[in-house]
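# Geometric and topological summary
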Amino acid sequence: MSTSATRRVCVIGASGKLGRYMVRHALDRGWEVVGVCRERSVPKLADLADRMTIVPGPTNDPEVIRKAVAGCDAVLTVLVPWGVQRYSSGTAQAVLDHAEPGARLVFSCGWHISRDGRDRYPWKFRMMVRVMTPLARLARVVDVNDQVEACRLVFASDRRWTVVRGSDLEEGDSQGLPVWSRHVGDPVLASNLTRRVDFALFMVEALDDESLVREAPAIVGCLTPSALSHSAAGAGGGPSGHETDRPGEAS
């Protein structure tokens, strides 16, 4: 494996908002970047095309992923539940199957993913997921359950993975590395808001954080009221972007 200074990173879903931020964070570190996106989305990367390698194609196509991740030390994957053709789970499986042995794998998803069933969701959040999931699938637009299946595949893997679970997102300048907890319901996460650029930052920084290997951190912006309140109370967390109390335990 190369050193972090000469790292080769594959960003899967590179043309999306989160993907583009990850590409920029990686390029800013001087890393070699390979980006995967659907062929029709390649123009979205036009301003970065001379600084990276672009592999066009469906991210759930094993051959596309095999080609893209060859020789990569790390893979950053946006698990997008588009359509009803196993887009998320197919993407996750292709990455798990074809990434280099020992490669660091970091995946993104939302708070609705629960690794151990110990997350505590507000009733409005539960209701929204319960109502929107079947409607979106009926419209053949999004299949949330497929993203759940994708994460199940990752959680069952013995790879060096991290699944970053994002709160609601907003645009804006970076506020710094988000804070995280193992479980939604931790007071530090109550603000439920993260800058998208900082979600991408957490994904990239996770590549070198061994404490996050085989963890599913739920994140929130480090300058949100809940994060600042938690930091002021002296319970840990704060702009360092690490865990609260014990490693990520809900308080």
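The rules behind these values
All residue numbers refer to position in the chain's written sequence, counted from 1. Where local features are concerned, this predicted model is filtered to residues with pLDDT of at least 70; where side-chain atom pairs are given and counted, the filter is 80 or more; whole-chain, interface and lining totals use all residues. With hydrogens and water set aside, each side-chain value is computed from the structure's full complement of heavy atoms. Each helix is a run of DSSP H or I of at least 4 residues and each strand a run of E of at least 2, with the numbering of both proceeding from the N terminus. Note on contacts: a residue pair is in contact if any heavy atoms of the two residues lie within 4.5 Å. Exposure classes here rest on a 1.4 Å probe applied to the protein chains alone. A residue is buried below 20% of its type maximum, exposed above 50%, and partly exposed in between. Here a strand pair is declared whenever DSSP counts at least two bridges between the two strands. Classification remark: right-handed applies to a crossover when, strands pointing away from the viewer, the course from the first strand over the helix to the second runs clockwise. pLDDT gives the predictor's per-residue confidence on a scale running from 0 to 100. Axis definition: a line fitted to C-alpha atoms, over the contacting stretch in the case of helices. Angles run 0 to 180 degrees between N-to-C directions. Just so you know how the angles are binned, under 35 degrees is roughly parallel, over 145 roughly antiparallel, 65 to 115 roughly perpendicular, and the rest oblique. Throughout, a crossing is termed right-handed when the near helix is turned clockwise from the far one, and left-handed when it is turned anticlockwise from it by less than a right angle. The residue classification treats Ala, Val, Leu, Ile, Met, Phe, Trp, Tyr, Cys and Pro as nonpolar and Asp, Glu, Lys and Arg as charged. All others, Gly included, are polar.

## A few points about the side chain of Thr 77
Note that Thr 77 resides in strand β4 (residues 74-78). Setting aside residues up to four positions removed in sequence, Thr 77 forms contacts with Ile 12, Thr 91, Val 95, Val 106, Phe 107, Ser 108 and Met 203.

## Side note on the pairing of strand β2 (residues 32-37)
Summarising burial for β2: 5 of the 6 residues are buried, a large majority. Sheet topology note: the strand β1 (residues 8-12)/β2 ladder contains 5 bridges and is parallel. Along β2, the bridge assignment pairs Ile 12 with Val 36. Handedness of the β1-helix α1 (residues 17-28)-β2 crossover: right-handed. When β2 meets strand β3 (residues 53-56), the two strands line up parallel, connected through 4 bridges. By the bridge assignment for β3, Cys 37 is matched with Pro 56.

## Topic: the confidence of the model for the protein
Per-residue confidence for the protein gives a mean pLDDT of 86; residues scoring 70 or more make up 80%. When the criterion is pLDDT under 50, residues 134-141 qualifies, and its contacts beyond four places in sequence or with other chains add up to 12 contacts. Low pLDDT, under 50, characterises residues 235-251; the predicted model gives this stretch 54 contacts beyond four residues in sequence or across chains.

## So, the packing of α1 against helix α6 (residues 196-205)
Where α1 contacts α6, the axes come no closer than 8 Å and their chain directions differ by 55°. When the axes of α1 and α6 are compared, the pair comes out oblique. In the crossing of α1 with α6, the sense of the turn from one axis to the other is right-handed. Across the interface between the two elements, Lys 17, Leu 18, Tyr 21, Met 22 and His 25 from α1 touch Arg 196, Val 197, Phe 199, Ala 200, Leu 201, Met 203 and Val 204 from α6. In terms of residue class, the contact of α1 with α6 is made up of 9 nonpolar, 1 polar and 2 charged.

## Side note on the packing of helix α2 (residues 62-69) against helix α3 (residues 87-98)
α3 packs onto α2 with a crossing angle of 45° between their chain directions and a minimal axis gap of 9 Å. With respect to their mutual orientation, α2 and α3 come out oblique. Considering only the axes of α2 and α3, their crossing is right-handed. Within the contact between the two elements, α2 uses Pro 62, Ile 65, Arg 66 and Val 69 and α3 uses Ala 94, Val 95 and His 98. Taken together, the residues of the contact of α2 with α3 break down into 5 nonpolar, 1 polar and 1 charged.

## Looking at the pairing of strand β6 (residues 160-166)
Counting buried positions along β6 gives 6 out of 7 residues, so the element sits mostly inside the fold. Two strands pair when backbone bridges link them, and strand β5 (residues 104-110) and β6 are joined in this way by 7 bridges, in the parallel orientation. Counterpart to Cys 109 in the pairing with β6 is Arg 165.

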